[in-house]
Amino acid sequence: MNGPFYCGIDVGSSYAKAVLLDGAGRVAADVVRRTGVAFEAVAEALRADLLAAVPGALGGIERTIATGYGRENVPFADGAVTELTCQALAGWHLFRRAVTVIDVGGQDTKVIVLGDDGRRLSFQMNRRCASGTGAFLEEMAARLDTTPAGLEALAERGHDAVALSSFCTVFAKSELLSLIRGGRSVEDIALGVYDAVVRRVVEMTPLHDGIVLTGGAARPGGVLVRRLEAALGRPVLVPEKPQLTGALGAALMAMRDGGAPV
Amino acid sequence: MPRLESTARLQALMLEAFRECDAAARAPQGRVAWCTSVGPVELLRALGFAVFFPENHAAMLGASRAATDLIPAASAEGYSPDVCSYMTSDIGAFRRGVTALSRVDPSITSVPRPDVLVYDTNQCRDVVDWFSFYGRQFGVPVIGVAAPRGVDAVTDDLVAAVASQIRGLVAPLEAIAGRRLDPGRLRDAVAISRDTSLLWRRVLSTGSARPSPLTFFDACIHMGPAVILRGDPRSAAYYEGLLAELEGRIARGVAAVPGERVRLYWEGMPIWGRLRDVSDLLARLGACVAGSTYCSSWVFDALDPAAPFDSMARASVELFITRTDAVKERVLADEARRYSVDGMVFHDAKTCPNNSNCRYGMPGRLAAGAGVPSVIVHSDLNDLRLHADEGVRLALEAFVEQCAEASP
Ligand code: SF4
């Protein structure tokens, strides 16, 4: 594989991700770990993972850019950039057209609008509350006594989604209880949880064509993607590895800062 | 960031003003009026009142980060945590028997006891509820002006209606002051206010220089005299000095934010408990907030000593905060041009809808109409329970990155 290499580290609130690009801008390796509480340690571990995957990169990483919640806690990074800029870069890199990137992250959901030259025109973030974020899905999964993957498996079997009306994660949890008490099936409730996320997303900004969904919850062909498509009445673009777009954007930024064309 | 040398004079002047209010409240002959920040202060000065501004006091509670702990005391009395956190923190402080003035001068142990409270609802209705609380506590009258809101064109009829209300305050205030209104003194007070206002405008306008010699955050501190010493000659003298310092900076090319690369405009209230943090963050990013609607609220172009009542009324009705969204949109577009900013920061302050102008689609219209991009930060003026550091930091950083990318 050709050096030099460029590294992007995305220390998110739930997961930390890293992408290594080779000199031609191809993904040489990517890795994911749970973030935990020690940001610096997880960043170091990610770098070790990348080097284990691409031993030739040892000593050849030209630049590293950190992003995400813990972007200031990556000791070996050459710079830190917000996830919004990284998502925008990755969105442009992957699709080369005016797109709107919806990133459902652990703590917040972001909508980033790109112009047809790839420049960011505007962005929105959800308000103070966790509703509509990955954390919301995790909380709801826990309330239903399952994991996020289990929640999605349940939702796959749902037919008649319940309507969760609450804006607030804590209130939504108590709403789940009354739905269970009212005899609604867990599958329909799980599907309703995904619809609640979708509703929070579509109210953030007008969504037209070229919608890209990223983030750990955006499994290609998964429930969140299908429910968003149903709500919008049009297909949604999903990168092959939607959880990694932040890290990819950071690596692209490292490349651009290093003077290489992106 | 280079520190403004005027700051020491500012602190001394503010201290002097607080001490005078305190002394007036203690003196048997002293008369203290509490006034809303854009209320009819010139009339109060002309009648010899020492004037105290609860909003300034509340901002001090916010800036010292005491507010968040005080608000629950007001909530416990039935003041919702959703209403003005200036009011709730101020009432909370009163209930707890503390005052922000003690931080400035430990010998001041309470807010100055009012003889009357005078409001103008040009800014909001909350001030009436706020002042009425104290009216009940102290058993003193609460009087004021019920101003028109949502004003499109400032018509003579509107001005006349407000002017007659201000005139209506004279008799009750004379009774409390124990003296007749001297028209000459009123004209003088209006003239001094106008001079202060003009100087304050020029101070703020230095922000349009590139690089800007002052930031919104500096202005939030240095606007103190424009608020609490309006109608007092010391405020005009203070701003002459500050203006000279800022013009000196412009002449020498001294930037308030060294390496200024992005210029922003702030729409809405400051986040008082995070003023320094937000200022430092933006400075680190090379972003200068060169102008703001908030600090411009104490510019009263209309004041005219030849027609004191009418011009005070006009100044009150003209205020940005009282206007329709259509007028506000035009003002914001003009301001963005005047300060040649790359973008606008809208502060959506949870407990002050009156100063949160992003709630009815304004950011989108401003982008479409005037090409001004913006970001919304969700926080509050005083209640830090409504503020998330990480969210605000991320929004501002991302916006600065966006503006830097877009600028040629
Ligand atoms: S304008 Fe806003 S901050 Fe000022 S008193 Fe009214 S509600 Fe409070």
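None of these values were measured; they are calculated from a predicted model.

A.B. asks: Account for the domain arrangement of chain B, with residues named and values stated.
C.D. replies: Residues and elements named next belong to chain B. With domains assigned, chain B is organised as domain 1 (8-183) and domain 2 (186-406). Each of domain 1 and domain 2 was reduced to a C-alpha centroid, and the two centroids are 22 Å apart. On the side of domain 2, 54 residues touch domain 1, which itself brings 57 residues to the contact. Between domain 1 and domain 2 the total buried area reaches about 4600 Å² when both faces are included, carbon and sulfur atoms providing 60% of it. Our count for the domain 1 to domain 2 interface comes out at 6 salt bridges. Across the salt bridge formed by Arg 314 and Asp 156, the nearest N and O atoms sit 2.9 Å from each other. Scanning the region where domain 1 abuts domain 2 turns up 36 residue pairs in polar contact (both at pLDDT 80 or more). Elements represented by at least two residues in the side of domain 1 that touches domain 2 include exactly α1 (7-26), α2 (41-46), α3 (54-63), α4 (67-75), α5 (85-96) and α8 (156-177). Of the residues belonging to the side of domain 1 that touches domain 2, the class tally is 33 nonpolar, 10 polar and 14 charged.

A.B. asks: So what's going on with the domain arrangement of chain A? Residues and values would help.
C.D. replies: Residues and elements named next belong to chain A. If you check the domain split of chain A, you get domain 1 (5-84 + 244-257) and domain 2 (100-236). On a C-alpha basis, the centroid separation for the pair domain 1 and domain 2 is 27 Å. Contacts between the two partners involve 6 residues from domain 1, matched on the other side by 9 residues from domain 2. Summed over both partners, the interface of domain 1 with domain 2 buries about 640 Å², with 59% contributed by carbon and sulfur atoms. For the pair domain 1 and domain 2, the interface holds 1 salt bridge. For the salt bridge of Glu 83 with Lys 110, the shortest nitrogen-to-oxygen distance reads 3.9 Å.

A.B. asks: Requested: an account of the interface of chain A and chain B, with residues and values cited.
C.D. replies: On the side of chain B, 18 residues touch chain A, which itself brings 18 residues to the contact. A buried area of about 1700 Å², summed over both sides, lies between chain A and chain B, and 49% of it is on carbon and sulfur atoms. Where chain A touches chain B, the interface holds 3 salt bridges. Salt-bridge contacts for B:Glu390 lead to A:Arg71; the nearest nitrogen and oxygen are separated by 3.7 Å. Where chain A meets chain B, there are 7 residue pairs in polar contact (both at pLDDT 80 or more). When residues of the side of chain A that touches chain B are traced back to their parent elements, those giving at least two are α2 (83-95) and β8 (120-125) of chain A. Here the side of chain A that touches chain B takes 5 residues from β8(A), the largest share from any one element. Counted by class, the side of chain A that touches chain B contains 6 nonpolar, 3 polar and 9 charged residues.

A.B. asks: Break down the nonpolar core for me, citing the residues and quoting the values.
C.D. replies: Here is a general trend for soluble globular proteins: nonpolar side chains tend to be buried in one another's company. If you look at the biggest cluster of nonpolar residues, it comprises 157 residues, and the most contacted ones within it are B:Leu43, B:Phe49, B:Tyr86, B:Leu173, B:Trp200, B:Leu264 and B:Tyr294. Ranked by size, the runner-up nonpolar core spans 37 residues in total, among them A:Leu154, A:Val162, A:Leu164 and A:Met204.

A.B. asks: I'd like to hear about the pairing of strand β9 (residues 211-214) of chain A, residue by residue, with values.
C.D. replies: Residues and elements named next belong to chain A. Neither face of β9 is left uncovered, since the one carrying Ile 211 and Leu 213 and the one carrying Val 212 and Thr 214 both have all their residues buried. Direction of pairing for strand β6 (residues 100-104) relative to β9: parallel, over a ladder of 4 bridges. Looking across to β9, one finds that Ile 102 is bridged to Leu 213.

A.B. asks: With reference to specific residues and values, describe the packing of aromatic side chains.
C.D. replies: A full pass over the atoms with the stated rule returns 20 aromatic pairs over all chains. Between the aromatic rings of A:Phe39 and A:Tyr69, the centroid separation amounts to 6.2 Å while the plane-to-plane angle is 80°, which identifies the pairing as edge-to-face. You can see A:Phe39 sitting in helix α1 (residues 39-53) and its partner A:Tyr69 sitting in the loop between β4 (61-67) and β5 (79-80), a full 30 residues away along the chain. Where B:Phe217 meets B:Trp266, the ring centres are 6.0 Å apart and the plane angle is 70°; that geometry is what we call edge-to-face. Here B:Trp266 lies in strand β5 (residues 262-267) and B:Phe217 lies in helix α10 (residues 216-222), a separation of 49 residues in the sequence. Summarising the burial analysis for this pair, B:Phe217 and B:Trp266 share the class buried. Joined through ring pairs, the aromatic side chains of B:Trp34, B:Phe52, B:Tyr79, B:Phe94, B:Phe133, B:Tyr134 and B:Phe138 make up one cluster. In this arrangement the basic side chain of A:Arg34 is found over the ring face of A:Tyr15, its NZ or CZ atom lying 4.7 Å from the centre. Over the ring of B:Phe320 we find B:Lys328; its NZ or CZ atom is 5.5 Å from the centre of that ring.

A.B. asks: Residue-level account of the site of the ligand, with values.
C.D. replies: Residues and elements named next belong to chain B. Looking at the ligand, the residues that line it are Cys 84, Tyr 86, Gln 123, Cys 124, Asp 126, Val 127, Trp 130, Met 269, Cys 352, Asn 354, Asn 355 and Leu 381. The biggest single contributor to the shell around the ligand is helix α7 (residues 126-138), with 3 residues. Of the residues assigned to the shell around the ligand, the class counts are 8 nonpolar, 3 polar and 1 charged. Two domains each provide a minimum of three residues to the shell around the ligand, namely domain 1 (8-183) and domain 2 (186-406).

A.B. asks: Quick one: what's the story with α1(B), residue by residue and with numbers?
C.D. replies: Along its 20 residues, α1(B) runs 29 Å from first to last C-alpha, staying within 8% of the 28 Å computed at 1.5 Å per residue. Taken as a whole, α1(B) has its buried residues at B:Thr7, B:Leu10, B:Leu13, B:Met14, B:Leu15, B:Ala17, B:Phe18, B:Cys21, B:Asp22 and B:Ala24.

A.B. asks: Mind laying out the sheet that holds β9(A), listing which residues take part and the relevant values?
C.D. replies: Either a parallel or an antiparallel arrangement is found when strands of a sheet pair, and the pairing is made through backbone hydrogen bonds. Read across the sheet, 4 strands follow the order β8-β7-β6-β9 (chain A) without closing on themselves; strand pairing throughout is mixed. Strands at the two margins of the open sheet, each flanked by one partner only, are β8 and β9 of chain A. Taken pair by pair, the neighbouring strands of this sheet meet at an average axis angle of 15°, ignoring direction. Contacts from helix α18 (residues 389-406) of chain B reach β7 (109-114) and β8 of chain A within the one sheet, and its direction differs from that of β8(A) by about 175°.

A.B. asks: Residues and numbers for α8(B), please.
C.D. replies: Residues lying three or four places apart along an α-helix face the same way, a consequence of the helix completing one turn every 3.6 residues. Residues and elements named next belong to chain B. The end-to-end C-alpha separation of α8 is 31 Å, in line with the 32 Å expected for 22 residues at 1.5 Å each. A maximum bend of about 30° is found in α8 at Ala 171, where proline Pro 172 lies one to four positions downstream. Within the span of α8, buried status applies to Val 159, Val 162, Ala 163, Ile 166, Leu 169, Val 170, Leu 173, Glu 174, Ile 176 and Ala 177. The inward-facing, buried residues of α8 contact α2, β3 (116-120), β4 (142-145) and α15 (308-318). Gly 178 lies just past α8 and shows a positive phi near 70°.

Reading guide: rules and limits
Residues numbered from 1 in each chain as written. Chains lettered and ligands numbered in written order. Predicted model: local features only at pLDDT ≥ 70, side-chain atom pairs only at ≥ 80, totals over all residues. Heavy atoms only, no water. Domains from an automatic or database assignment. Contact = heavy atoms within 4.5 Å. Buried area = accessible area lost by both parts, 1.4 Å probe. Salt bridge = Lys/Arg side-chain N within 4 Å of Asp/Glu carboxyl O. Polar contact = N/O pair within 3.5 Å; in protein donor to acceptor, adjacent residues only side chain to side chain. Helix = DSSP H or I, 4+ residues; strand = E, 2+ residues; numbered from the N terminus. Nonpolar A, V, L, I, M, F, W, Y, C, P; charged D, E, K, R; others polar. Core = buried A, V, L, I, M, F, W, Y, C linked by side-chain atoms within 4.5 Å. Buried < 20%, exposed > 50% of the residue type's maximum accessible area, 1.4 Å probe, protein only. Pairing = 2+ DSSP bridges. Phe/Tyr/Trp six-rings, centres within 6.5 Å; stacked < 30°, edge-to-face > 60°. Lys NZ or Arg CZ within 6 Å of the ring centre and 35° of its normal. Near = heavy atom within 4 Å. Expected span 1.5 Å × (residues − 1). Axes fitted to C-alpha atoms, helices over the stretch in contact; angles between N-to-C directions. Bend = angle between axes of the 7 residues up to and from the residue.

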